[in-house]
Amino acid sequence: MLSHPFAFGRWAVGDVLTGPLAPHESPAPRCGAARSYRESFFLPPPPFRSLSLQILQNLSLIFPRRLRPPPKTSKSLSPALHSPQTLEPRSAPPPQSRSFSPAGPHPPPAMEAVVVDAGSKLLKAGIALPDQAPGLVMPSKMKSEVAEEEGQAPDGAVVEEVQPVVRGFVKDWDAMEDLLSYVLYRNIGWEMGDEGQILFTQPLFTPKALREQLVQLMFEKFNVSGFYDSEQAVLSLYAVGRISGCTVDIGHGKIDIAPVCEGAVQHVASKRFEIGGTDLTNLFAQELKKSNPSVNIDISDVERLKEQYACCTEDQLAFEDIGSSCPPEKHTLPDGQVITIEKERYIVGEALFQPSILGLEDYGIVHQLVTSVSNVATEYHKQLLENTMLCGGTASMTGFEDRFQREANLSASAIRPSLVKPPEYMPENLPRHSAWLGGAILAKVVFPQNQHVTKGDYDETGPSIVHKKCF
C-alpha cells in the first residue's frame, strides 16, 4: 500500500500562479488598449482552448442530431462491502451498455475507457458512454474488521466503517485502493494484467500532491494502460455542451463555485465552502429532534427523509410565513416509530440562501456566485453568468432550481445569472451525474487522440507528469 503523508487543504494563490497550469501570456490587447494584469491573468492558456475546441467539434460525433430513446436509469448498488484484506464475491450488476456486460468479456481497453467520479457519499463508475448514466452508483464507504485484541477470533472482530473520501478529497489511500479494486475488477470487468484506460474527475482545489498520489496508484498498483483526470467544473459544463460558464456544485461535503473560461477554471475567482449535504442532514436531524423529542432517529434515516421531504419555498418571505401554514405530515420509520414533519422540510433548502441558519456569517449561494464572477475580467461576465449550471445531489431538491433563478433575478448584478437547461439527449438526473457524463465525453477525445498519460510518460517523468498532460 502507498502511505505517503500529504498536507490537505486548498491551494495557495502562489501555487496557482507558479504551478504547471499557470496562465500563459495574454494575446495583444484589442484596439491598442493596454490590458491590466488582472484581466490578462484570466485569459485561458492555449492548451485549454485547444482541448475545449476539440470537445465541441467531437460533440456532434458523440451525439448525432436525432432524438435518443429514453435512457436506462442508473441502478444504485449497495453491495456487501469488503474488508481491506478480502474481496467477497457478488452477483454481476446489470449490463452497462448494449455491447458490454461485467459478467462477460470486457471491451478492448483501447476502445472503451472507464470513468470514475469518487465523491464523499457516492462513487460513480462505468464505461465512457456519454449518452447513458453511469453503470455503477454505490456508496463510497468501506467496512473493515478490526480485532479488539491481538489473537482474537475472527467472529469476535469489530466492524468499523471507513470513509476513503472526506469532503471531496481522498483521506485514506489504503481504503481507496481496495474500493477501486472492488469497482474495477469485480464490477467493471477488468482482468489482472489486462487493465484498460481510466479517467478520474477531480474536485475544485485538489492539492497537487493528491493528483500525483492518484496517478502513482493507478500505474504502480493497477497497471493501467492510460490515465487522465480533469476538474469537475469543466466536465459538468461539457455535459451540457458548454466550454465556458459557471458551476455551482453542492456536494455531500462541500460547495464549489467555479467560473470556467474556454475550458479553464479560474481558480483565483473560484470559491470552496466546507459545507454540503451532510451538514444539511445534520441540520434536518436537529430540527426533527426539536419537534419530535421522544423519537430517536438514526442519521441514515434522516438522510432518506431529507431526500424524500426537503424542498425550497419561493422566496424568503414565503419561508417566514410557512410556520403557520405548513400542514403536518406523519411518517413511519423502519423501526415503527412515527414522526411528524412540518416546516422542517423547508429549512434545509433555506439554509443555502440564508447561511445564518447554519450559524455562518456569510452571504447566500446566489450572492457568492455573483461575487465570484465579479473577480473575472469584465468581458467574460455575460458569458459566465448566462451559462450557470447547478450540480450535485442537493441541486435536485424540489423547488431549488426555481428558487435559485428567482433569487438570481433579484440580484443587484447588471447581468443576471441564468441557468443552463440540460440537452434533451442527455440522461435524466443530469445534475447528479454531470461530472461523470462530462468525463465520458472527454474520454472520447483524449484517449483516441493519445493526449493522455501513458505508461511510458509515467516511467520517464514520474507522478508529476499529471500536471503537464492533464488540464
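Small disclaimer: the values here were computed from a predicted structure and weren't measured.

Student: Please provide a residue-by-residue account of the packing of helix 4 (residues 173-188) against helix 5 (residues 208-220), values included.
Tutor: Helix 5 packs onto helix 4 with a crossing angle of 45° between their chain directions and a minimal axis gap of 12 Å. With respect to each other, helix 4 and helix 5 are oriented oblique. Crossing angle aside, the handedness with which helix 4 passes helix 5 is right-handed. Side by side, helix 4 and helix 5 meet where Trp173, Glu177 and Leu180 of the first sit next to Leu210, Gln213, Leu214, Leu217 and Met218 of the second.

Student: Tell me what's going on with the sheet that holds strand 9 (residues 226-231), and back it up with residues and numbers.
Tutor: Strand order in this open sheet of six strands is 3-2-1-8-9-17, and the pairing throughout is mixed. The outermost strands of the open sheet, each flanked by one partner alone, are strand 3 (136-139) and strand 17 (453-454). Contacting strand 1 (114-118), strand 8 (197-202) and strand 9, helix 6 (residues 232-239) crosses the sheet at an angle of about 90° to strand 9. Packing of helix 14 (residues 430-446) onto the sheet brings it into contact with strand 1, strand 2 (122-127), strand 3, strand 8 and strand 9, and relative to strand 1 it is tilted by some 150°.

Student: Provide a residue-level description of helix 4, including the pertinent values.
Tutor: For helix 4, a buried count of 14 out of 16 residues is recorded, marking the element as mostly surrounded by other parts of the structure. Its side-chain oxygen at 3.2 Å from the backbone nitrogen of Asp174, Asp172 defines the N-terminal cap of helix 4. Two residues or fewer after helix 4 comes Gly189, characterised by a positive phi angle close to 105°.

Student: An account of the pairing of strand 10 (residues 245-250) is needed here, citing residue identities and associated values.
Tutor: Counting buried positions over the six residues of strand 10 gives six, a clear majority of the element. Residues Gly245, Thr247 and Asp249 point to one face of strand 10 and Cys246, Val248 and Ile250 to the other, with burial holding for every one of them. As defined by bridge partners, strand 10 adjoins strand 11 (residues 255-261) across six bridges and the pair is classed as antiparallel. Across the sheet, residue Ile250 finds its bridge partner in strand 11, namely Ile255. The hairpin turn running from strand 10 into strand 11, its antiparallel successor, is four residues long.

Student: Can you tell me about the confidence of the model for the protein chain, naming the residues and giving the values?
Tutor: Overall, the predicted model of the protein chain reaches an average pLDDT of 80, with 74% of residues at or above 70. Here residues 1-43 scores under 50 on pLDDT; set against residues more than four positions off or in separate chains, the count is 77 contacts. Here residues 64-110 scores under 50 on pLDDT; set against residues more than four positions off or in separate chains, the count is 94 contacts.

Student: How would you explain the pattern of salt bridges if you had to name every residue and give the values?
Tutor: On inspection of all chains with the given rule, the structure shows 21 salt bridges. For Asp279, the salt bridge is made with Arg167, and the minimal N-O distance between the two is 3.1 Å. One end of the pair, Asp279, is in helix 7 (residues 277-291); the other, Arg167, is in the loop between strand 6 (165-166) and strand 7 (169-170), with 112 residues separating them in the sequence. Several salt bridges share partner residues, and in doing so they unite Arg167, Asp249, Lys254, Asp256, Arg272, Glu274 and Asp279 into one network.

Student: With reference to specific residues and values, describe the environment of Lys469.
Tutor: Tracing the chain through its elements places Lys469 in helix 16 (residues 465-469). Placed 17 residues apart in sequence, Lys469 and His452 show a C-alpha to C-alpha distance of 6.5 Å. Engagement of the side chain of Lys469 in a polar contact is seen with the backbone oxygen of His452, the distance being 2.9 Å.

Cut-offs applied
Residues numbered from 1 in each chain as written. Predicted model: local features only at pLDDT ≥ 70, side-chain atom pairs only at ≥ 80, totals over all residues. Heavy atoms only, no water. Axes fitted to C-alpha atoms, helices over the stretch in contact; angles between N-to-C directions. Helix = DSSP H or I, 4+ residues; strand = E, 2+ residues; numbered from the N terminus. Parallel < 35°, antiparallel > 145°, perpendicular 65-115°, else oblique. Left-handed = near helix turned anticlockwise from the far one by under 90°. Contact = heavy atoms within 4.5 Å. Pairing = 2+ DSSP bridges. Buried < 20%, exposed > 50% of the residue type's maximum accessible area, 1.4 Å probe, protein only. Polar contact = N/O pair within 3.5 Å; in protein donor to acceptor, adjacent residues only side chain to side chain. pLDDT = per-residue confidence, 0-100. Salt bridge = Lys/Arg side-chain N within 4 Å of Asp/Glu carboxyl O.

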